[in-house]
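Structure assessment
Next come the chains, spelled out residue by residue.
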Amino acid sequence: MRFDAIVLAGGRARRLDGADKPNLLVGGRRLIDVALDAVAGAAHIVVVGPSRDLPEAVIQTREDPPFAGPAAAVAAGLAALDAHVPAPGSARPVVLLASDLPAVTADTVAALLAALVRTGAPVVLGIDPAGRRQYLLSAWSVPALRSALADHDGPSMRALVPDGAVTLALTGTADIDTPADHRAATDPRPDPLRAAELLRAELTPLAVRTVAADDAVGATLADPLVAVEPFPPFDAAAMDGYAVAGPGPWRLTGPPRAAGGPGGPPLSAGQAVPIATGAPLPESADRSIRHEDTSVGEDAAMLRETGPGRDDTRRRAETWAAGDPLAPAGTRVDPAVCSVARSAGTTRLSVRGPVRAVVYSSGDEIVTTGVPGPGRLPDTASGPVAAALRDRGVTTRLGGHLPDDAEAVTAALRQSDSDLVVVVGGTGHGVADQLRTVGATLGARWLLDGIAVRPGGSLLVAQLPDDTVLLGLGGNPLAAVAGVALTVPALVDGLTRSTPAPAELIEVHGADPHPRFWRVVPVAADGAGGWSAAPGYGTGQLRAMLGHPGLALLPPAGDLEKPRKLT
């Protein structure tokens with residue numbers, strides 16, 4: 001189908017710090033060249049924006065004044081077409097295209113034009129997966145575009161759209177507005193925040209089990225914790241003092257009421273009885289009064305109140321009633337949850353987890369015992385990895401060492417009774433790296449193949465058909481420990497359906513952000529509410545963590561995200 005094209009390439013790119021977006025490289029190509037390739041079948045192409053190094057056949061123009069907005073740029077592009085296109089061609093459809101769409105192709109343009117012909121609509125607008133209209137990924141009939149521009153003098157494209165417009169769902173609609181968008185387009189690996197979202201959303205959770213409340217620490221509530229009994233279960237004295245009936249003064253009677261027994265004989269009006277903290281209030285008593293708010297006559301027979309007239313009684317169900325929800329599903333079970341469950345009369349809990357993990361070192365160059373020979377290294381990663389897992393509530397054991405052998409790795413995965421199998425090493429693409437091959441053989445569902453972060457980004461996460469999760473970590477100790485910090489909280493959330501903890505945003509001093517990647521850096525508290533970064537010593541050992549036991553995640557330079565504490 002014959003058509004013309006107007007490509008917009010002249011915005012300010014404020015969220016990209018004023019970078020020239022059309023000249024950004026994605027996959028070795030400028031974004032402007034991606035756009036031109038998508039409309040290469042056009043009879044005439046107009047590029048609206050600053051003068052650029054473009055093919056000679058491309059018509060270049062600029063809106064006046066510059067940066068007057070996309071509608072003004074489209075008007076300038078149509079005027080340039082009118083000046084260069086013979087009259088018979090002036091009725092051809094026009095494709096409007098932004099120059100910040102790294103995935104747009106000629107097929108995308110063809111789909112828009114086909115929909116324009118099929119529907120007879122004045123304009124077909126692409127829509128992204130979220131249902132948002134893409135005004136600069138559209139195909140217009142020329143009369144409709146001329147009419148819209150004649151009736152509008154503002155900068156907005158939205159106001160140009162006439163009645164009868166049709167939308168078309170398209171792929172490849174993601175544009176580049178921010179440094180993060182550019183990184184996502186140039187590196188298919190997710191950033192750490194997106195990786196965590198994927199794990200939480202995509203993992204198949206553990207089965208629900210019912211256990212004694214005291215045995216549930218480290219697990220996650222699969223159902224809400226609901227009170228079986230009210231609390232307090234009876235009216236009780238909140239402090240040592242006296243239980244009284246009716247108005248004072250009161251005649252003292254006995255016996256004293258102690259905690260741990262029944263309330264004893266009822267009181268009559270005008271009577272008082274000594275009562276201990278936690279003891280049930282006697283029948284017919286109105287309230288209890290603490291010792292310091294009373295006085296006893298010289299005959300030790302009459303009690304008078306000297307305080308403000310308060311009631312020192314814990315009333316039945318004043319904290320919660322039977323049937324009240326106390327903790328939602330997704331709550332991590334800790335000693336406080338167990339204590340509340342016992343107070344509420346709940347002896348068993350429905351939970352997922354805790355997650356059970358086994359950790360293997362791997363690689364023919366690694367020695368787990370004795371002195372390494374020439375060309376070999378001691379295992380310095382599996383111990384810190386296991387400790388990092390335990391710190392995150394994962395029940396962890398060491399499984400030993402795996403050689404660079406597919407059968408050994410396969411056997412370790414098939415024979416595991418753990419929820420999570422962690423292998424240190426083997427995540428690369430070399431001939432000795434077996435995890436991808438073994439995972440494919442076992443029918444693994446791959447969730448992550450790397451994260452755009454340094455160190456720790458060379459990792460793998462997959463779920464096997466029996467729902468066992470494989471976590472492959474980089475072989476260097478700092479990369480391995482960083483990989484645990486980056487993935488395991490989200491792995492635990494996904495497997496147990498626990499509610500994610502809020503991010504702990506921090507200030508980090510002494511660390512320069514990477515221009516493109518997120519960074520994991522060892523940190524220590526500086527005593528003034530901030531964190532100081534360790535000097536860099538490489539990832540082959542953990543020297544950087546001596547005196548800097550925490551890990552922080554730093555966003556790339558220019559990113560709007562804040563540093564956050566990982567450990």
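Numbers given for residues are sequential positions, taken from 1 along each chain in its written order. The predicted nature of this model means local features are confined to residues of pLDDT at least 70 and side-chain atom pairs, given and counted, to a pLDDT of 80 or more, with totals for whole chains, interfaces and linings taken over all residues. Side-chain numbers here rest on the full set of heavy atoms in the structure, without hydrogens or water.

Re the packing of helix H6 (residues 192–202) against helix H11 (residues 477–496)
For helices, the fitted axis covers only the stretch in contact; all axes are lines through C-alpha atoms, and the angles between them, taken along N-to-C directions, range from 0 to 180 degrees. By the criteria applied, helices consist of DSSP H or I runs no shorter than four residues and strands consist of E runs no shorter than two, each listed in order from the N terminus. Axis separation between H6 and H11 bottoms out at 8 Å; the angle between their running directions is 25°. Judged by the inter-axis angle, H6 sits roughly parallel to H11. Handedness of the H6/H11 crossing: right-handed. Side by side, H6 and H11 meet where Pro-192, Ala-196, Leu-199 and Arg-200 of the first sit next to Leu-486, Thr-487, Ala-490, Leu-491, Asp-493 and Gly-494 of the second. In what follows, roughly perpendicular refers to angles from 65 to 115 degrees, roughly parallel to angles under 35, roughly antiparallel to angles over 145, and oblique to any angle outside these ranges. Left-handed describes a crossing whose near helix is turned anticlockwise from the far helix through less than a right angle; right-handed describes the clockwise counterpart. The criterion used for residue contact is that any of the two residues' heavy atoms lie within 4.5 Å.

A short note on the environment of Ser-339
The residue Ser-339 is located in helix H7 (residues 335–343) in this model. A sequence separation of 56 residues divides Ser-339 from Glu-283, and the C-alpha atoms of the two residues are 29 Å apart.

Some details on the sheet that holds strand S22 (residues 348–352)
The strands that make up a sheet are held in pairs by hydrogen bonds between backbone atoms, and each pair lies either parallel or antiparallel. DSSP-based pairing: two strands are paired if at least 2 bridges between them are found. Strand order in the open sheet formed by three strands is S10-S22-S11, and the pairing between neighbours is antiparallel. Since the sheet does not close on itself, it has two edges, and those belong to strand S10 (209–212) and strand S11 (220–221), each with one partner. Pairing of S10 with S22, which is carried by four bridges, proceeds in the antiparallel orientation. Bridge pairing links Ala-212 to Arg-348 in S22.

Considerations on the sheet that holds strand S6 (residues 94–98)
Within the open sheet, the seven strands sit side by side as S5-S4-S1-S6-S8-S7-S9. Their pairing is mixed. Edge positions in the open sheet fall to strand S5 (59–61) and strand S9 (166–169), since each of these has one partner strand only. Ignoring strand direction, the axes of neighbouring strands in this sheet form an average angle of 25°. By the bridge criterion, three bridges tie strand S4 (residues 44–48) to S5 in an arrangement that is parallel. Residue Val-46 lies in a different strand from S5, and its bridge partner there is Ile-59. Running over the sheet, helix H4 (residues 142–150) touches S6 and strand S8 (133–140) and is turned about 130° from S8.

Here we look at the pairing of strand S31 (residues 469–473)
Per-residue accessibility, obtained with a 1.4 Å probe over protein chains only, is compared with the maximum for each type, and a residue is labelled buried under 20%, exposed over 50%, and partly exposed between these values. With five of five residues buried, S31 lies mostly within the body of the structure. Burial along S31 is two-sided: Val-469, Leu-471 and Leu-473 and Leu-470 and Gly-472, pointing in opposite directions, are all buried. Pairing of strand S27 (residues 420–424) with S31 involves five bridges; the strand directions are parallel. From the neighbouring strand, Val-423 faces S31, where its bridge partner is Gly-472. By the bridge criterion, four bridges tie strand S30 (residues 460–463) to S31 in an arrangement that is antiparallel. Each residue of the ladder has a partner; that of Leu-460, found in S31, is Gly-472.

Topic: unusual backbone geometry
Note the cis peptide between Phe-231 and Pro-232, where omega equals -10°. The residue Pro-232 is located in the loop between strand S12 (225–226) and strand S13 (236–237) in this model. The amide bond that connects Arg-454 to the next residue, Pro-455, takes the cis arrangement and shows omega of -15°. Structurally, Pro-455 can be placed in the loop between strand S29 (453–454) and S30. Even without glycine at this site, Ser-284 takes up a positive phi of about 80°. Tracing the sequence through the fold places Ser-284 in the loop between strand S16 (271–275) and strand S17 (287–290).

So, the nonpolar core
Ranked by size, the top nonpolar core spans 43 residues in total, and within it Val-385, Leu-389, Leu-420, Val-461 and Leu-491 carry the most contacts. Ranked by residue count, the leading element in this core is H11, at twelve residues. When sequence neighbours within four positions are dropped, the list of residues in contact with Val-461 reads Leu-199, Arg-445, Trp-446, Leu-447, Leu-448, Val-469, Leu-470, Leu-471 and Leu-491. Buried residues of nine kinds, namely Ala, Val, Leu, Ile, Met, Phe, Trp, Tyr and Cys, make up a nonpolar core once their side-chain atoms join them within 4.5 Å. In this structure, Val-47, Val-95, Val-104 and Val-109 belong to the second largest nonpolar core, which totals 30 residues.

Observations regarding the pattern of salt bridges
Salt bridge, as used here: a side-chain nitrogen of Lys or Arg that lies within 4 Å of a carboxyl oxygen of Asp or Glu. The full count for this structure, using the stated rule, is 23 salt bridges. In this structure, Asp-100 engages Lys-21 in a salt bridge whose closest nitrogen and oxygen atoms are separated by 3.0 Å. With Asp-100 in the loop between S6 and helix H3 (106–119) and Lys-21 in the loop between strand S1 (4–8) and strand S2 (25–26), this residue pair connects regions lying 79 residues apart in the sequence. The class for Asp-100 is buried, based on a relative accessible area of 10%.

Things to note about the packing of helix H8 (residues 382–391) against H11
Packed helix pairs are characterised by how far apart their axes lie and by the angle those axes make with each other. The N-to-C vectors of H8 and H11 enclose an angle of 20°; their axes lie 9 Å apart at closest approach. Relative to H11, the element H8 lies roughly parallel. Crossing handedness for the pair H8 and H11: right-handed. For the pair formed by H8 and H11, the contact residues are Pro-384, Val-385, Ala-388 and Leu-389 on the first element and Ala-480, Val-481, Val-484 and Val-488 on the second. We call Asp, Glu, Lys and Arg charged. Ala, Val, Leu, Ile, Met, Phe, Trp, Tyr, Cys and Pro are nonpolar, and the rest, Gly among them, are polar. Grouping the amino acids of the contact of H8 with H11 by side-chain chemistry returns eight nonpolar, no polar and no charged.

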